[in-house]
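# Chain and residue survey
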Amino acid sequence: MTEKWQNLIGANAGKRLRLLARQPYDLTLPEALVVKNRLERYICDCGGMRLLYATQRVTDEVLDALQDLADECGLVAQFQKMRRGAIMNRISGYESENRQVLHTACRDLFSDLPAEPGATDQARGELAKLKVFLEEIDSGKITTAKGEQFTSMVHVGIGGSDLGPRSIYEALRPYGQFGREVFFVSNVDPDDAFAVLAKVDLSKVLVNIVSKSGTTLETLTNEKIVREALQKAGLDPRRHCIAVTGEGSPMDNPEEYLRSFYMYDYIGGRYSATSMVGAVMLGFFMGYDQVVEFLRGASEIDMVAEDLDMRRNLPLLLAMLGIWNHNFLDCSTLAILPYSQALHRFPAHLQQCDMESNGKSIDRDGNLVSCKTGPVIWGEPGTNGQHAFYQLLHQGTEVVPVEFIGCRKSQKGMDVEVAGSTSQQKLNANLFAQCMALAVGQKNSNPNKQFQGNRPSSLLLLDQLTPKTMGALLALYEAKIVFQGFVWNINSFDQEGVQLGKVLAGRFLDYLSGKTREDSSAEARFLKVALKTTDQ
Ligand code: G6Q
């Protein structure tokens, strides 16, 4: 382990884990996966998901020490405090957002005793507004100027107001109502908005502008582009545009929008997919009842996350396996590889949720951290990735732990048998084979055909990707990220790095738009070099 990061918090358990990490379980030994019923014992079932983790470099002793570390850090107690409205988004002694963290309240709808009743009441209020709105669309009370049904939605937003909703929409496409589809515009690259505008029949489009702050440059710019396009087509933007924003934000202006929905300051952008940020789009697409199923799945995992026993608490287990690989076995990145085409944008959402949350270098008291915090997260669907970057996973010098995600059944149930097996069987055969191969490796007298093995991975299996299991999958990762932040004692809920980006671009924009002309600054000189056309 790199010298600099030896001082992991968790004084007692941390010390034990450091000793155990000197000789982690050897997955390449004969029978390594089957001794002591390892494959059967190292599983965790919850929320319609099963995690198989026998292919991690852990033993019972390591798992016990990880449980002790979780207990020493009071992870579950902190999660409980978070769900009950404690101010968790803060750096003590310094100016910070100083907010509650209550994304879990958006789905705490299924018990008589919600953890934070005030926030859940607000969530219920917004859901009730959404239900009415959707009924008005379905019943023909709200229509296009020609009295027709709206058939498409253009969801405009960026970062947390885009990645979660977009990845969930992609994941749940087979659940859409007949004749409904959604398009997304996020990038300030004008090609993004104009490409979408070229695809839709504007007269039948609802434009959903999503911005918590109501001030994000990209979103406001794209909103303008879409409004102008509507006007050019002779359509009234107020008949087409709806908003999801923070109460009191500059976008909170009912005059401008057909309908406005709120998200509250205690919900961070990247944790907002189960708030109106995701629900409005999903409701239009797949109907209110399916949104409720999605929230139900997420809620089930929030409940499980309050179980002190790591072996039963799936998000905690996933978090602690990650801590083992990252902080004790010194692996710097994590690949999340879904064997499901529907989940093709999910790694991108998790990349934001994890890296924006846990890419921090100071702790919750404003001191420099003394351990490595969030890993680099990346991923693409298998089997495509196998024909691309898996070479490095198998034989590269960097050990990359993997979280595989798979489904026993396909979503649509349509399949064909080619060469004696179905496509779903081929997909899963590849998934299981990769998981095993990374662990056990392969001996060969030809060094080029040697595979070292001992490359840790977990396999998360869903029966089928449905609104409910998608909600569970989303909440599983949200809670995992939060638990890891608690281990590192960092604030997983602010994002100063994003704020910096918002400010810095402004300076260049002033030069590019001619507002500033002074030309000896680094910015001006940078622009001169960057914009000079390259000689052919
Ligand atoms: C997420 C971040 C960030 C944010 C976007 C969009 O946690 O704060 O990705 O979601 O910058 O912000 P608005 O929703 O305010 O437009």
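Notes on the structure follow. (Residues numbered from 1 in each chain as written. Predicted model: local features only at pLDDT ≥ 70, side-chain atom pairs only at ≥ 80, totals over all residues. Heavy atoms only, no water.)

### Notes on the environment of Ala472
Among the structural elements, Ala472 can be located in helix 16 (residues 467-488). Here Ala472 falls in the buried class, since its relative accessible area comes to 1%. Each C-alpha atom, one on Ala472 and one on Phe294, is 7.6 Å from the other, the two residues being 178 residues apart in sequence. Discounting chain neighbours no more than four positions away, the residues touching Ala472 are Gly47, Met49, Gly297, Ala298 and Ile301. (Helix = DSSP H or I, 4+ residues; strand = E, 2+ residues; numbered from the N terminus. Buried < 20%, exposed > 50% of the residue type's maximum accessible area, 1.4 Å probe, protein only. Contact = heavy atoms within 4.5 Å.)

### Here we look at the layout of surface pockets
In this structure, the largest pocket occupies an estimated 980 Å³ of space. What lines the largest pocket is a set of 45 residues, and nearest its centre among them are Ser213, Thr216, Val498, Gln499 and Lys502. Of all elements in the fold, only strand 5 (205-211), helix 8 (217-232), helix 13 (346-358) and helix 17 (496-512) reach the threshold of two or more residues within the lining of the largest pocket. For the lining of the largest pocket, the element with the highest residue contribution is helix 17, accounting for 8 residues. Among the residues forming the lining of the largest pocket, the class breakdown is 14 nonpolar, 21 polar and 10 charged. (1 Å grid on protein atoms, 1.4 Å probe; cavity = no way out; pocket = protein on both sides within 12 Å on 5 of 7 lines; lining within 4 Å. Points joined across faces, edges and corners; volume = space filled by probe spheres on them. Nonpolar A, V, L, I, M, F, W, Y, C, P; charged D, E, K, R; others polar.)

### Quick look at the side chain of Thr143
By the element assignment, Thr143 lies in the loop between helix 5 (117-139) and strand 3 (152-156). Thr143 gets classed as buried once you look at its relative accessible area, which sits at 14%. Apart from the residues lying within four places of it in its own chain, the contact partners of Thr143 are Glu148, Phe150 and Arg239.

### Some thoughts on unusual backbone geometry
In this structure, the amide linkage connecting Gly382 to the following residue, Thr383, adopts the cis form with an omega of 10 degrees. Relative to the helices and strands, Thr383 is located in the loop between strand 9 (376-378) and helix 14 (390-395). Backbone geometry at Lys36 places phi at a positive 50 degrees, although glycine is not the residue there. The residue Lys36 is located in the loop between helix 1 (11-20) and helix 2 (38-41) in this model.

### Some remarks on the pairing of strand 8 (residues 333-339)
Extensive coverage of strand 8 is indicated by the burial of 7 of its 7 residues. Burial of the side chains of strand 8 extends over both faces: Thr333, Ala335, Leu337 and Tyr339 are buried on one face and Leu334, Ile336 and Pro338 on the other. Strand direction decides the pairing type here: strand 8 and strand 9, joined by 3 bridges, are parallel. By the bridge assignment, Leu334 is partnered in strand 9 with Ile377. Handedness of the β-α-β unit built from strand 8, helix 13 and strand 9 comes out right-handed. Where strand 8 lies against strand 10 (residues 402-407), 5 bridges are found, and the strand directions are parallel. Its bridge partner being in strand 10, Leu337 is matched across the sheet by Phe404. (Pairing = 2+ DSSP bridges. Right-handed = clockwise from strand over helix to strand, strands pointing away.)

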